[in-house]
Amino acid sequence: MATSDATIRAEKAEAGERKEEAEKEKPSEAGVEVPPGEEVSDPPGPLQTPRKKDHRECPLEVPREQHPLQYRWVLWFFKNDRSRPWQDNLQLVTTFNTVEEFWSTYSHIKLASKLSSGCDYALFKEGIRPMWEDNRNKRGGRWLLSLAKQQRHIELDRLWLETLLCLLGESFERYSKEVCGAVVNIRTKGDKIAVWTSEAENQAGVMHIGHVYKERLGLSSKTIIGYQAHADTAAKSNSLAKNKFVV
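In this text the structure is predicted, and so the values were computed from the model without any measurement. (Residues numbered from 1 in each chain as written. Predicted model: local features only at pLDDT ≥ 70, side-chain atom pairs only at ≥ 80, totals over all residues. Heavy atoms only, no water.)

Student: Would you take a moment to explain the side chain of N89 for this structure?
Tutor: One can find N89 in the loop between β1 (68–79) and β2 (90–98). Leaving out residues up to four positions away in the same chain, N89 has contacts with F77, F78, K79, N80, D81 and R84. (Helix = DSSP H or I, 4+ residues; strand = E, 2+ residues; numbered from the N terminus. Contact = heavy atoms within 4.5 Å.)

Written out as structure tokens, the structure reads:
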């Protein structure tokens, strides 16, 4: 059974609370002042004389329940180096298939807004590479959100995280199986976020994904996002492809 979007968000809050509790429970490393004439005993905390502990004093930690995702996901990182072939610039960062693994990964990588210009993050289902030529992508397309330069430090990270949660939480319901992944492009002229789907000709599925995605991002009705077929994008190397659908 797939983990819901609400569970994914709740796990983030729980992870933050556990971190705060761990910080509070850290023993003090301050020295202990001993009044004159009194016997010096071992101070509390990490300065105590080591003693052999009875294993019964340390109960085994019970593993926390893991929340499985519907699919195993792969996080990719791309750094543009024109001296190397495109595929050599694409690096696999990690794979995960639980909510806990996702939040652990997200908390240990740079935010998208902190990446250098020319870099990308891509999150795709295992077995699908983030390139047009992949068999699961070549008949598909992408919902593309283009951002103004000033939005990088205001909205980019929120929009990218919301995009990830849409994917992991199966927010597109029965059409979630048509979602291949998502990409964030960091560019000098303006950043872009895109959700890739597998079948550009499936208008019902593409439009459903587009409407849900726009609503989840909290975009105004005046904001238009377009869907472009990968085949059209590949043919327009020096300009943007014509939108096949818009919402």
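Student: Please clarify how unusual backbone geometry should be interpreted in this entry.
Tutor: Outside of glycine, negative phi angles account for most residues, and trans bonds account for most peptide bonds. Residue E170 is not a glycine yet carries a positive backbone phi of 55°. When its relative accessible area of 15% is taken as the criterion, E170 is described as buried. Of note in the backbone geometry, E173 takes a positive phi value of approximately 55° without being a glycine. For E173, a relative accessible area of 53% gives the class exposed. (Buried < 20%, exposed > 50% of the residue type's maximum accessible area, 1.4 Å probe, protein only.)

Student: It is not clear to me how the sheet that holds strand β6 (residues 192–197) should be interpreted in this structure. Could you clarify?
Tutor: Hydrogen bonds between backbone groups are what pair the strands of a sheet, and the pairing can be parallel or antiparallel. Strand order in this open sheet of 8 strands is β2-β1-β3-β5-β6-β4-β7-β8, and the pairing throughout is antiparallel. Two strands bound the open sheet, and with one partner strand each, they are β2 and β8 (245–246). Of the strands in this sheet, β1 and β2 touch helix α2 (residues 99–108), which is tilted by about 145° from β2. Contacts from helix α4 (residues 203–217) reach β4 (141–146), β5 (179–185), β6, β7 (226–229) and β8 within the one sheet, and its direction differs from that of β4 by about 25°. (Pairing = 2+ DSSP bridges. Axes fitted to C-alpha atoms, helices over the stretch in contact; angles between N-to-C directions.)

Student: What's the story with empty space enclosed by the protein in this structure? I'm lost.
Tutor: Empty space among the atoms becomes apparent when a probe as large as a water molecule is rolled across them. A full pass over the atoms with the stated rule returns 1 cavity of 30 Å³ or more. If you add up the space inside the largest cavity, you get close to 110 Å³. Lining the largest cavity are 13 residues, with L75, Y106, I109, W160 and L164 sitting closest to its centre. For the lining of the largest cavity, the secondary-structure elements that each account for two or more residues are α2, β3 (119–125) and α3 (152–168). Top element by residues in the lining of the largest cavity is α2. It accounts for 3 residues. (1 Å grid on protein atoms, 1.4 Å probe; cavity = no way out; pocket = protein on both sides within 12 Å on 5 of 7 lines; lining within 4 Å. Points joined across faces, edges and corners; volume = space filled by probe spheres on them.)

Student: Is there a simple way to think about the nonpolar core in this case?
Tutor: Note on soluble globular proteins: their nonpolar side chains tend to be buried together. Ranked by internal contacts, the top residues of the largest apolar core, which has 47 residues, are F102, W143 and Y213. With 9 residues, α3 is the single largest residue contributor to this core. Once you skip the residues sitting within four places of it in the chain, Y213 turns out to touch W143, T163, C166, F172, I193, V195 and I225. (Core = buried A, V, L, I, M, F, W, Y, C linked by side-chain atoms within 4.5 Å.)

Student: Can you help me understand the packing of α3 against α4 in this one?
Tutor: A pair of packed helices can be characterised by two numbers: the angle between their axes and the separation between those axes. Contact geometry of α3 with α4 gives a least axis separation of 10 Å together with a crossing angle of 135°. The orientation of α3 with respect to α4, classified from their angle, is oblique. For the pair α3 and α4, the sense of crossing is right-handed. Counted together, R158, L159, E162, T163, L165 and C166 of α3 and Y213, R216 and L217 of α4 form the full contact between these two elements. A breakdown of the residues in the contact of α3 with α4 according to their chemical character gives 5 nonpolar, 1 polar and 3 charged. (Parallel < 35°, antiparallel > 145°, perpendicular 65-115°, else oblique. Left-handed = near helix turned anticlockwise from the far one by under 90°. Nonpolar A, V, L, I, M, F, W, Y, C, P; charged D, E, K, R; others polar.)

Student: Got a minute to help me understand the pairing of β3 in this structure?
Tutor: Each regular strand shows side chains that alternate between the opposite faces of the sheet. A large share of β3 lies buried, amounting to 7 of its 7 residues. Judged from the 7 bridges that link them, β1 and β3 form a sheet pairing that is antiparallel. Along β3, the bridge assignment pairs L75 with L123. Pairing of β3 with β5, which is carried by 5 bridges, proceeds in the antiparallel orientation. The residue bridging A122 from the neighbouring strand is V183, located in β5.

Student: Please explain the pairing of β1 as it appears in this structure.
Tutor: Across 7 bridges, β1 lies against β2 in antiparallel orientation. Considered in β2, the bridge of P68 is made with T98.

Student: How should I be thinking about the environment of L144 in this particular structure?
Tutor: The residue L144 is located in strand β4 in this model. Exposure remark for L144: the relative accessible area of 8% places this residue in the buried category. In the structure, L144 is positioned 102 residues away from V246 in sequence and 9.8 Å away in space, judged by C-alpha atoms. If we ignore the near neighbours within four places in the chain, the residues touching L144 are K192, I193, A194, I225, G226 and Q228.

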